Amino acid sequence: MRFFLTIILSLFFLPTPVQAAALRVPILTYHYIANNPNPKDIQRDALSVSPDKFEAQMSYLSQNGYTPITLDTLYGIYNKQTSVPAKPVVLTFDDGYIDFYTNVFPVLRRFNFHAVSFIPTGLIGGGYYMNWSQIKEIASSGLVTFEGHTVNHVNLPSLSYTAALKQLVDSKNIIQANTGYPVNFVAYPYGSSNGTVQAAARQAGYAGGLGIWYGKPGGPSMNMPRIKVSGFWSIKDFASRL
Ligand SMILES: [Zn+2]
């Protein structure tokens, strides 16, 4: 009798299983990590974080137990193939500027941090961009994955499906040929996509697409949100966005 009573009581008093909250991993977006050479260029100001501030942010992540991961690792977590590391965060850098090689890569190496670089393949080797030998050197460290950002940094929704698909496929193939690693992700230039562009990205073989709308993704998507880091943020502002 007491046994059944215990079972009946326990049905009422056992805590109901709580569903684990969806993992929301911040994906941070950076462009230039450099001091603005022209203070009158306000547009560039909005896309720049100074090397000092960037280093302080990486130091904050390190001291507070964050684990920067690649998007491949994030998808491994989504697919339950990879266990969740402590405080995962994804560091992404758009456009393949030379300051990624001079000001970012040495810091990543020092902290042993993983990162993702989105490169428009047609601009590589031009003024203020990295060249392929620098990209190969960085890729061979195993810390950074290079992902798609189209060939010509085009506004994809303005193109026909065929033209958008060509931009997405060609850039993917060129990066893969140069780094030897599969390219599974695309950041849409200007964060700009629509259903047609996302379908083309899927057909091109990308597993995920990234915009620049604000938020933290809770799972795989062809239009993931990101958090654009402002050069005007204090370290407290930075910490509050993670
Ligand atoms: Zn871009």
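See above for the structure.
Conventions we followed
- Residues numbered from 1 in each chain as written.
- Predicted model: local features only at pLDDT ≥ 70, side-chain atom pairs only at ≥ 80, totals over all residues.
- Heavy atoms only, no water.
- Helix = DSSP H or I, 4+ residues; strand = E, 2+ residues; numbered from the N terminus.
- Expected span 1.5 Å × (residues − 1).
- Bend = angle between axes of the 7 residues up to and from the residue.
- Buried < 20%, exposed > 50% of the residue type's maximum accessible area, 1.4 Å probe, protein only.
- Contact = heavy atoms within 4.5 Å.
- Donors = N, O, S within 2.8 Å, 3.2 Å for Na, K, Ca; no water.
- Pairing = 2+ DSSP bridges.
- Right-handed = clockwise from strand over helix to strand, strands pointing away.
- Core = buried A, V, L, I, M, F, W, Y, C linked by side-chain atoms within 4.5 Å.
- Phe/Tyr/Trp six-rings, centres within 6.5 Å; stacked < 30°, edge-to-face > 60°.

Peer 1: Sorry if this is basic, but what is going on with helix α5 (residues 98–111) here?
Peer 2: Because each turn of an α-helix spans 3.6 residues, side chains separated by three or four positions end up pointing in the same direction. With 14 residues, α5 extends 20 Å from end C-alpha to end C-alpha; this agrees with the ideal 20 Å at 1.5 Å per step. Along its length, α5 reaches its greatest deviation from straightness, about 40°, at V104, and the proline P106 lies no more than four positions downstream. Among the residues of α5, D99, F100, V104, F105, V107 and L108 are the ones counted as buried. Looking at the buried residues of α5, the elements they touch are β2 (32–33), α3 (51–63), β5 (88–94), β6 (115–119), α6 (132–140) and β7 (144–148).

Peer 1: What is the right way to read the coordination of the zinc ion from this model?
Peer 2: Around a metal, the ideal angle is 109.5 degrees if four donors adopt a tetrahedral arrangement and 90 or 180 degrees if six donors adopt an octahedral arrangement. For the zinc ion, the full set of protein donor atoms is D95 (OD), H149 (NE2) and H153 (NE2), at a range of 2.1 Å. Each donor residue of the zinc ion lies on one chain, and together they are spaced D-x53-H-x3-H. With D95 in the loop between β5 and α5 and H149 in the loop between β7 and α7 (161–179), this residue pair connects regions lying 54 residues apart in the sequence. Residue classification places D95 among the buried positions, given a relative accessible area of 7%.

Peer 1: Would you mind going over the environment of G219 with me for this structure?
Peer 2: In this fold, G219 is placed in the loop between β9 (208–210) and β10 (227–228). What makes G219 buried here is its relative accessible area of 18%. On a C-alpha basis, the gap between G219 and Y75 in space is 8.1 Å, while along the polypeptide they are 144 residues apart. Those residues in contact with G219 that lie beyond four places of it in its chain are Y78 and M224.

Peer 1: Help me understand the pairing of β5, please; the structure alone is not making it clear to me.
Peer 2: Consecutive residues of a regular strand have side chains that alternate between opposite faces of the sheet. Within β5, seven of the seven residues are buried, which leaves it mostly tucked inside the rest of the structure. Of the two faces of β5, the one holding P88, V90, T92 and D94 and the one holding V89, L91 and F93 are both buried throughout. Inspection of the sheet shows strand β1 (residues 27–30) paired to β5 by four bridges, in the parallel sense. Considered in β5, the bridge of Y30 is made with F93. With two bridges joining them, strand β4 (residues 67–68) and β5 adopt parallel strand pairing. Bridging from a neighbouring strand, P68 pairs with V89 of β5. Pairing geometry for β5 and β6, over three bridges, is parallel. Bridging from a neighbouring strand, D94 pairs with F118 of β6. Handedness of the crossover is the feature at issue here: the chain leaves β5, passes through α5, returns alongside β6, and the resulting connection is right-handed.

Peer 1: Could you clarify how one ought to interpret the nonpolar core in this entry?
Peer 2: Across soluble globular proteins, you tend to see nonpolar side chains buried next to one another. Of all hydrophobic cores here, the largest spans 48 residues; its most connected members are L28, Y30, F54, L61, L91, F93 and F146. No other element matches α5, which puts five residues into this core. Of all hydrophobic cores here, the second largest spans 15 residues; its members include L74, V90, A187 and M224.

Peer 1: Just to check I follow, could you spell out the packing of aromatic side chains for this structure?
Peer 2: For any two aromatic rings, the description comes down to two numbers: the centre-to-centre distance and the angle of the planes. A full pass over the atoms with the stated rule returns 13 aromatic pairs. Between F93 and F100, the ring centres sit 5.1 Å apart and the planes meet at 65°, which makes this aromatic pair edge-to-face. Look at F111 and F113: their rings are 5.3 Å apart centre to centre, the planes differ by 25°, and that puts the pair in the stacked class. A residue is classified by how much of its surface remains accessible, and F113, at 5% relative accessible area, is buried.

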